[in-house]
2 protein chains.
Amino acid sequence: MPETSNKSEFIVGVDLGGTKILAGVFAPSLKLLGKVKLSTKVERGVDAVLDRVARSVREAVDECDLDMNQCRGIGIGAPGAVDFEAGRVIFAPNLEWRDVLMKKELEKRLDAPVFLENDCNVCTLGVHEHEFGGKPRHMIGIFVGTGIGGGIILDGKLFSGANHTAGEIGHMVMQLDGDKCRCGNKGCLEALASRTAIFNRIQAAVKDGQKTLLSQILGDKFDNMKSGDLRKAIRRGDKFVEKVVEQAAEYIGIGVGNLVNLFNPEIVVLGGGVIDALEDEMLKIIIKTAREYAMPGATEGLEIITTHLGNDAGITGAAVLVKQQLKQS
Amino acid sequence: MPETSNKSEFIVGVDLGGTKILAGVFAPSLKLLGKVKLSTKVERGVDAVLDRVARSVREAVDECDLDMNQCRGIGIGAPGAVDFEAGRVIFAPNLEWRDVLMKKELEKRLDAPVFLENDCNVCTLGVHEHEFGGKPRHMIGIFVGTGIGGGIILDGKLFSGANHTAGEIGHMVMQLDGDKCRCGNKGCLEALASRTAIFNRIQAAVKDGQKTLLSQILGDKFDNMKSGDLRKAIRRGDKFVEKVVEQAAEYIGIGVGNLVNLFNPEIVVLGGGVIDALEDEMLKIIIKTAREYAMPGATEGLEIITTHLGNDAGITGAAVLVKQQLKQS
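Residues numbered from 1 in each chain as written. Chains lettered and ligands numbered in written order. Predicted model: local features only at pLDDT ≥ 70, side-chain atom pairs only at ≥ 80, totals over all residues. Heavy atoms only, no water.

Peer 1: Would you mind going over the pattern of salt bridges with me for this structure?
Peer 2: When the charged atoms of two side chains lie near each other, side chains of opposite charge can form a pair. All names here are of chain A. Throughout the structure, instances matching the rule amount to 32 salt bridges over all chains. Measuring nitrogen to oxygen at the nearest pair gives 3.2 Å for the salt bridge that ties Lys239 to Glu242. Taken as a pair, Lys239 and Glu242 lie in helix H8 (residues 239-263) at a separation of 3 residues, close to a single helical turn. (Salt bridge = Lys/Arg side-chain N within 4 Å of Asp/Glu carboxyl O. Helix = DSSP H or I, 4+ residues; strand = E, 2+ residues; numbered from the N terminus.)

Peer 1: Even after reading the chapter, I still don't get the side chain of B:Thr316, so can you show me in this structure?
Peer 2: Residue and element names in this part refer to chain B. For Thr316, the location among the structural elements is in helix H10 (residues 313-328). Residue classification places Thr316 among the buried residues on the basis of a relative accessible area of 3%. A distance of 2.6 Å separates the side chain of Thr316 from the backbone oxygen of Asp312, its partner in a polar contact. Residue contacts for Thr316: discarding those within four places in its chain leaves Phe26, Gly126, His130 and Leu309. (Buried < 20%, exposed > 50% of the residue type's maximum accessible area, 1.4 Å probe, protein only. Polar contact = N/O pair within 3.5 Å; in protein donor to acceptor, adjacent residues only side chain to side chain. Contact = heavy atoms within 4.5 Å.)

Peer 1: It is not clear to me how the domain arrangement of chain A should be interpreted in this structure. Could you clarify?
Peer 2: Much of the literature gives interface size as the accessible area that the parts lose upon coming together. Residues and elements named next belong to chain A. Partitioning chain A into structural domains gives domain 1 (10-112) and domain 2 (136-306). The distance between the C-alpha centroids of domain 1 and domain 2 comes to 27 Å. Each partner contributes to the interface: domain 1 provides 7 residues, whereas domain 2 provides 4 residues. The contact between domain 1 and domain 2 buries some 300 Å² in all, and 48% of this surface belongs to carbon and sulfur atoms. Per-residue buried area on domain 1 facing domain 2 is highest for Ala81, Val82 and Asn94; these three make up 54% of the total on that side. Across the domain 1-domain 2 interface, the total number found is 0 salt bridges. At the surface where domain 1 touches domain 2, the tally comes to 2 residue pairs in polar contact (both at pLDDT 80 or more). The element best represented in the side of domain 1 that touches domain 2 is strand S5 (residues 81-83), accounting for 3 residues. Taken together, the residues that form the side of domain 1 that touches domain 2 break down as 4 nonpolar, 1 polar and 2 charged. (Domains from an automatic or database assignment. Buried area = accessible area lost by both parts, 1.4 Å probe. Nonpolar A, V, L, I, M, F, W, Y, C, P; charged D, E, K, R; others polar.)

Peer 1: Looking at this model, I keep getting lost on the interface of chain A and chain B. Mind explaining?
Peer 2: Listed by partner, the interface residues are 44 residues for chain A and 44 residues for chain B. Summing both partners gives a buried area of about 3,500 Å² for chain A against chain B, and 59% of it is carried by carbon and sulfur. Counting every contact that joins chain A to chain B gives 0 salt bridges. Where chain A touches chain B, the interface holds 30 residue pairs in polar contact (both at pLDDT 80 or more). Listing elements by their share of the side of chain A that touches chain B, those giving two or more residues are strand S10 (148-154), H8 and helix H9 (273-293) of chain A. The element that contributes the greatest number of residues to the side of chain A that touches chain B is H8(A), accounting for 7 residues. Looking at side-chain class alone, the side of chain A that touches chain B contains 23 nonpolar, 15 polar and 6 charged residues.

Peer 1: For this particular structure, what's the right way to read the sheet that holds strand S7 (residues 97-100) of chain B?
Peer 2: The strands that make up a sheet pair up through hydrogen bonds in the backbone, lying either parallel or antiparallel. All names here are of chain B. Here 3 strands make up an open sheet; going across it, the order is S5-S6-S7 and the pairing antiparallel. The sheet terminates laterally at strand S5 (81-83) and S7, the two strands that pair on one side only. With strand direction ignored, the average angle separating the axes of adjacent strands in the sheet is 15°. (Pairing = 2+ DSSP bridges. Axes fitted to C-alpha atoms, helices over the stretch in contact; angles between N-to-C directions.)

Peer 1: What is the right way to read the relation of the copies chain A and chain B from this model?
Peer 2: Two chain copies here: they are related by a rotation about an axis and a translation along the same axis. Screw-axis analysis of chain A against chain B gives a translation of 0.0 Å along the axis, an RMSD of 0.0 Å, and a rotation angle of 180°. Given the turn and translation reported, the copies of this chain are related as if by a two-fold rotation axis. Here 100% of the interface residues in chain A have copies in chain B that are interface residues too; the copies meet face to matching face. (Least-squares fit on C-alpha atoms with pLDDT ≥ 70 in both.)

Peer 1: I tried to follow the sheet that holds strand S7 (residues 97-100) of chain A on my own but got confused; where do I start?
Peer 2: Residues and elements named next belong to chain A. Here we have 3 strands laid out as an open sheet, ordered S5-S6-S7, and antiparallel in their pairing. At either margin of the open sheet sits one strand with a lone partner, and together these are S5 and S7. Going across the sheet, the axis of each strand differs from the next one's by a mean of 15°, ignoring polarity. For strand S6 (residues 88-92) and S7, the ladder comprises 3 bridges, and the chain directions are antiparallel. Of the residues in S7, the one forming a bridge with Val89 is Val100.

Peer 1: Would you take a moment to explain the pairing of strand S13 (residues 303-306) of chain B for this structure?
Peer 2: One face of the sheet, then the other: side chains in a regular strand alternate in exactly this way. Residues and elements named next belong to chain B. Going residue by residue along S13, you find Ile304 and Thr306 tucked away on one face and Glu303 and Ile305 left uncovered on the opposite face. Pairing of strand S12 (residues 267-271) with S13 involves 4 bridges; the strand directions are parallel. Each residue of the ladder has a partner; that of Val269, found in S13, is Ile305. The parallel pair S12 and S13, bridged by helix H9 (residues 273-293), forms a crossover whose chirality is right-handed. (Right-handed = clockwise from strand over helix to strand, strands pointing away.)

Peer 1: Would you explain unusual backbone geometry in this entry?
Peer 2: Note: most residues except glycine have negative phi, and most peptide bonds are trans. The backbone of A:His164 shows a phi angle near 65°, a positive value even though the residue is not glycine. Tracing the backbone shows A:His164 in the loop between strand S11 (157-158) and helix H4 (189-193). Judged by relative accessible area, which is 18%, A:His164 ranks as buried. Although it is not a glycine, B:Glu96 sits at a positive phi angle of roughly 55°. Looking at the secondary structure, you find B:Glu96 in the loop between strand S6 (88-92) and S7.

If you want it as C-alpha cells, here you go:
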C-alpha cells in the first residue's frame, strides 16, 4: 500500500511570516506531498490572520486530495517569542501580535492538535532532524533574510532559555557605534548583514553617486530589490555589489565565530533567502572568517554548511515538531 | 561531634592560575576551613607546576591539622580548555601547557581522586551551588580580571560544548575594528573591558599628557597598577579614571545584553578582581546597559548580580565539583 492510504497519519507544517503563510502536507516519512501559499494580511488583525492560517492548512490538505481527519497534527513556526508549553505567541513585532493563544485558537478552528514554536527554532529543528537525522548534539542555525534569526540545539534538543527568547543571534551587538538596528540598539549583526542592511548600504551609496548594474536590473525601483537581484548584478560583473555582499559575508563569519566561541557546536547551519540566493558568493568567506575568529580547539570537527531545505525549512521543521510531540505523548 | 572529626570526608579545592595556586580545604558542608597560596612558577615547566599543585594541597590539609587520608577528593580549576572526562588540560596559554594529563599525574602524587575543570566553569559552578543552592536552571558567570572568562549553566548543569571550549565570553567580538586582543582578533570584549584593556587605555592617555591621580598613587610604576588603585583614584575624585572605568562597565553591560539575548538565562553573575574592586563604580552601569540592550521578554525575572565569593569562587567551585562527582559515582 502506498503511504498515502492510512488514516490520520499526515502532518501539516505551517510557516507563518509577516508577509506570507506557507502550509505543507507531509507523509509520516516527512516526504512533502504538497503545499499552499497565502498572503498573511497582518493589517486585517489577529482573528483574520488566524482564520487564514486555518484556511492555508485546509487548502494544503485538499490540494493533496486528503481530508482534515487524515491529519494527526499541525505544527506552526511563528515569528517572535513563543511560549511552546502554553502554545502562545508572546510577542511578534512582524505580526503586531502580543499574547495570542494561537494553539487554542487554531485547535478550535481545525479540530486537530496544534503545536507552536518560534520560526527560526522550527527551521533549525527541521534541518537537525531532516538533514542530519537528529544526530548532532550541539547545532546552531542562522537564517539570513530581511532580518537575522537563529535556533539553538543543545544536547540534541531545542534550547529556548528561561522565557523562550534564547537564540536572538541577529541582535548580538558586534559594532558598538554601528548602524541603528530596528530593535533600537546599534551595530547588531542584523543591522550589519541582513538583506535590509545590504540594501540600505547599496541605496545610500547610489544616493551618493555610486554606479551599479542594479539600476539596469531594477530601474528606479530599488525598494523592490531582492537577494536574487544582487546575485544577478554580481554575476554580470558589478564589483560594487560584490564588495557589499562580501562585507556582509565577513560580518556573518565573525558572528559565526562568536557563536562558536560561546556554544562550541558541532555544526553551524546557514539558511534564509540571502544565503539561498548568494551561497556561492558568501559561504566561502563566512567559513574562512568564522574559522579565523574561532578559538583554537573550538573548530575541531566543526562543520559550517548551508541547508538544502531552502524555503521549505520552516514547514519541514514544523512537521518535525508535530512528529516529536506526538511521539512523546 | 564537630564536623572535623570523621575520616575521609574533607574536600580540597584548587584554583590554578598563571601566577598563583590557591588551595582550600572544605568541610562536607562546604565550609572553608583553611587555605594556602603558592606561586605557580610556570617557567619551571609542567612537572614542577604539578609538584607545586600537589604541595599546595598537602600544605592546605596540614594547615587545617588534617591528614591526606581524611580527604575524599581534590577538585581543580585550571585556566584554559579542559577535557573533564579525560582529566586533561587541552590548552592553557597562561601555563604554556598543551595536552597535560593533570588528573592522572596528580592522582599519582596525591593518592586521592582528582577532578578537573576549566577555572571559569568551576567558579560558575561554585556560585551556582554555594550562593544559589543549585537552583537556577540557566545561569551565566562572567569573570573580569586580567582577561574575561565565563561559565555557562544550562538546565542546571555546566555546559561545555562539543570540545569543552564553550563559554569563551571574553572573545566575543563587539567592535569590528576595535583594539587588538591577545587572542589575535580585534574588538573582543576582553580587549575592551578587562583590567588589561583598562590599564592600556589609561597608559596610552598618560603618554599623551593626560593627568591622573594614579601618578601620585603609583609613582612611575604604572606597570604594577591594580584594580584597587583605580578605585582609590576614583574615590579621590579622578574624573579621567572614573570615565575609563565607566566605559568598561558599559562595554561589559552590552556584552551581558548579548549573552541575555543568546542564552536567556535567569541569572547573570559577575565576579573577578575588577568587579570585586570596582563593584560600586561598575555594577549599576552594567545592569542599566544590559537591560537596555536585552530584547523585551528576555529580561523578565532576570537578575544581574555580583558574587560574594570573591577570590574563593575558584576553590569553592572546585570543591563543589568533587562533591557532585563523588555523589554521582
